[in-house]
Amino acid sequence: MDITSGGRRCQAATAAVAVPPPDLHRHLAALLGSGVGADVRIKVGGKLFAAHKNVLAARSPVFMAELFGNNGGKDQKETTKAAAATGNGVIRIDDMDLRVFRAMLQFIYTDTLPSIDKGDMAFMAQNLLVAAHRYGIERLKSISVDMIRKGA
């Protein structure tokens, strides 16, 4: 590449810039872990989890409908109805194992699952499939089916 400087032509080095790998998942995991900016709580098995409505809604059409109404929050009446259904920012999930919910929540934020003990693999795979189906998380469904097929 030629560059003109003060009337003289100079040749600039064209060194490649090393682009780091994507790290959005790390930042979102840190956000989940810190609870900073959390605007919704989810109660599962007596434990409260702080989460972010926008992240949940972006990853799950079920959370989108529950948190913002069926039309993505465009209708104030629907938004108010959805907020009332969550009990002032608390979503209750009474029929899911705590470990399964934690894994699903991690997946929602990071697109990864925690490491699962070999002895729990079949239980987790089956229950993650149920949870993924319930919340419309298509990639988690596929991963769960794959875990089951591989003999989890």
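Thresholds applied
- Residues numbered from 1 in each chain as written.
- Predicted model: local features only at pLDDT ≥ 70, side-chain atom pairs only at ≥ 80, totals over all residues.
- Heavy atoms only, no water.
- Helix = DSSP H or I, 4+ residues; strand = E, 2+ residues; numbered from the N terminus.
- Buried < 20%, exposed > 50% of the residue type's maximum accessible area, 1.4 Å probe, protein only.
- Areas by Shrake-Rupley, 256 points an atom, 1.4 Å probe, with all protein chains shown as cover.
- Phe/Tyr/Trp six-rings, centres within 6.5 Å; stacked < 30°, edge-to-face > 60°.
- Lys NZ or Arg CZ within 6 Å of the ring centre and 35° of its normal.

Is there a simple way to think about the overall build of the protein chain in this case?
Helices and strands together make up the secondary structure of the protein chain, namely seven helices and five strands. In the protein chain, the order of α-helices and β-strands from amino to carboxyl end is β-β-α-β-β-α-α-α-β-α-α-α. The burial tally for the protein chain puts 29% of its 152 residues in the buried class. Within the structure as shown, the protein chain displays about 9600 Å² of accessible surface, and the carbon and sulfur contribution to it stands at 54%.

Would you mind going over the packing of aromatic side chains with me for this structure?
Between two aromatic rings, the relevant description is the distance of the centres plus the angle of the planes. Under the counting rule described, the total for this entry stands at two aromatic pairs. Taken together, a centroid distance of 4.7 Å and an interplanar angle of 20° make the contact between Phe63 and Tyr135 stacked. Of this pair, Phe63 sits in helix 3 (residues 61-68) while Tyr135 sits in helix 6 (residues 121-135), placing them 72 residues apart in sequence. Residues Phe63 and Tyr135 agree in their burial class; the two are buried. Of note, Lys47 hangs over the ring of Phe49, and the distance from its end group to the ring centre comes to 5.5 Å.

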